[in-house]
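Each chain is listed here by its residues.
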Amino acid sequence: MKAIMSRSIGGPETLVLEEIDDPVATDGQILVRVKASGVNFPDTLIIKDRYQFKPKRPFSPGAEFSGVVEAVGSGVRSFQVGDRVMGFSRWGSMAQKIAIAASRCVAIPDAMPFDEASAFILTYGTSYYALKERGALRSGETLLVLGAAGGVGLAAVEIGKAMGARVVAAVSTTEKATLVREHGADGAVIYPTAPFAPSSRRDAARLLKEACGPHGAHVVCDVVGGDYSEVALRAIAWEGRFLVVGFAAGIPQIPLNLALLKSCQIVGVFWGPWLDRDTQHLSHSAAELLKWYTSGALRPCISARFPLAEAGDAIAQLAARKALGKIVVNID
Ligand SMILES: NC(=O)c1ccc[n+]([C@@H]2O[C@H](COP(=O)([O-])OP(=O)(O)OC[C@H]3O[C@@H](n4cnc5c(N)ncnc54)[C@H](OP(=O)(O)O)[C@@H]3O)[C@@H](O)[C@H]2O)c1
């Protein structure tokens, strides 16, 4: 089969298309003919050995996918040959086939196309875990989402609306502001570009506070980090929940007096290891997410599609902050 492979540590330009042996489904696994693979920020890190997980080289990136079951390993009862599935692979799905634990996969509803399915489980799953399980977001609360036009961010906007929150979406450009409004955000704020000079730090804090209103944001979903985290924390409500989801702009240093001043919680969110702890977590959360998808409340947004041979370009486009919603690599 063909696969995009990382053979040396480096950026997307180091990835190469190769012919490698087909994988085989072992106990508890299914073999999936991959149709599409969603691109995620972790793809930009894992190929540079800068992610929390460091697979042995050579490996293929690709943390989520959709496809059709081609073979079933022993002990698997949840899927049959021919089933349409999507799954969370962490890496390995920018390839024509993947052998993966059946417990990492979910059946795709008939009405869901493969490209949307390939861009669904990781970003919506992360935002679901963040807002529902870690943030305990309640109907009527104000949710502030940073990086709201990216994969996890746009999913948080839509899930926040599905949960009844008032959603304030913070982004870097007018094009991204238009997109978040189209996906349901009640308000959109364009923040300055980090690193912040003292004046842009004050501007960003003022913009976020004004947009969140006099009580501030009850929940902040931070997928960006860097200089953006502190200004968002300054806009949090009394006893709010600040969700630490990602560091696209770097790992911030937070003055902890801000947590005391708002009596707020700073809450870590790590979706993959949450799934590792209980196989029910994926199926239960996917069931609610797919119910919302079927009702039209969740509308995956795919702004660019690349063939497998150009998967490196797909990752480079996301790393350059150019993704509007998701980018997908079409494989079959
Ligand atoms: N905790 C978890 O379990 C978990 C799971 C999945 C992903 N993540 C993390 O969540 C973050 C977002 O992932 P994603 O796949 O949604 O990424 P994405 O689609 O690229 O979105 C990230 C957003 O961050 C903003 N950003 C600000 N500064 C940036 C910079 N220097 N470089 C790139 N983007 C920058 C961009 O929005 P603006 O241009 O509007 O600022 C961009 O849309 C990543 O850090 C990822 O590792 C965490």
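Look above for the structure.
Each value, and the rule that gives it
- Starting afresh in each chain, residues are numbered from 1 along the sequence in its written order.
- Only residues with pLDDT of 70 or above have their local features reported here, since the model is predicted, and side-chain atom pairs are shown and tallied only from 80 upward, although totals for entire chains, interfaces and linings are computed over all residues.
- Excluding hydrogens and water, the side-chain values take into account all heavy atoms of the structure.
- Here a residue is considered near a molecule or strand provided that any single heavy atom belonging to it is located within 4 Å of it.
- Each polar contact in these results corresponds to two N or O atoms within 3.5 Å; when the atoms are within protein, one needs to be able to donate a hydrogen and the other to accept it, and residues that are neighboring in sequence are counted only if both atoms are side-chain atoms.
- For accessible areas, the Shrake-Rupley method is used with a probe of radius 1.4 Å. Any residue's cover is judged against the shown protein chains and nothing else.
- The secondary structure listing takes helices from DSSP runs of H or I that are at least 4 residues long and strands from runs of E that are at least 2 residues long, numbered from the N terminus.
- Note that domain bounds follow an automatic or database assignment of domains.
- Only protein chains enter the accessibility calculation, which uses a 1.4 Å probe; a residue is then buried when its area is under 20% of its type maximum, exposed when over 50%, and partly exposed in between.
- By definition, two strands form a pair when at least two bridges between them are found by DSSP.
- We call a crossover right-handed when, viewed with the strands running away from us, the connection from the first strand over the helix to the second turns clockwise.

Here's the deal with the site of the ligand
Inspection of the region around the ligand gives 25 residues, with S172, K176, Y191, V269 and R321 positioned closest. Between the ligand and the protein, one listed contact pairs an oxygen atom with a backbone N or O atom of G151 at 2.8 Å. In this structure, R321 approaches the ligand through a side-chain N or O atom, which is 2.7 Å from an oxygen atom. Contact with the protein chains covers 91% of the free accessible surface of the ligand, which is 900 Å². Looking at the shell around the ligand, the elements that each hand over two or more residues are α1 (41–46), α3 (121–134) and α4 (151–162). Summarising the domain contributions, the shell around the ligand has at least three residues from each of domain 1 (2–120 + 300–330) and domain 2 (123–271).

A closer look at the pairing of strand β11 (residues 217–222)
For β11, a buried count of five out of six residues is recorded, marking the element as mostly surrounded by other parts of the structure. Inspection of the sheet shows β11 paired to strand β12 (residues 236–244) by five bridges, in the parallel sense. Residue D222 lies in a different strand from β12, and its bridge partner there is V244. In terms of handedness, the path from β11 via helix α7 (residues 228–233) over to β12 forms a crossover that is right-handed.

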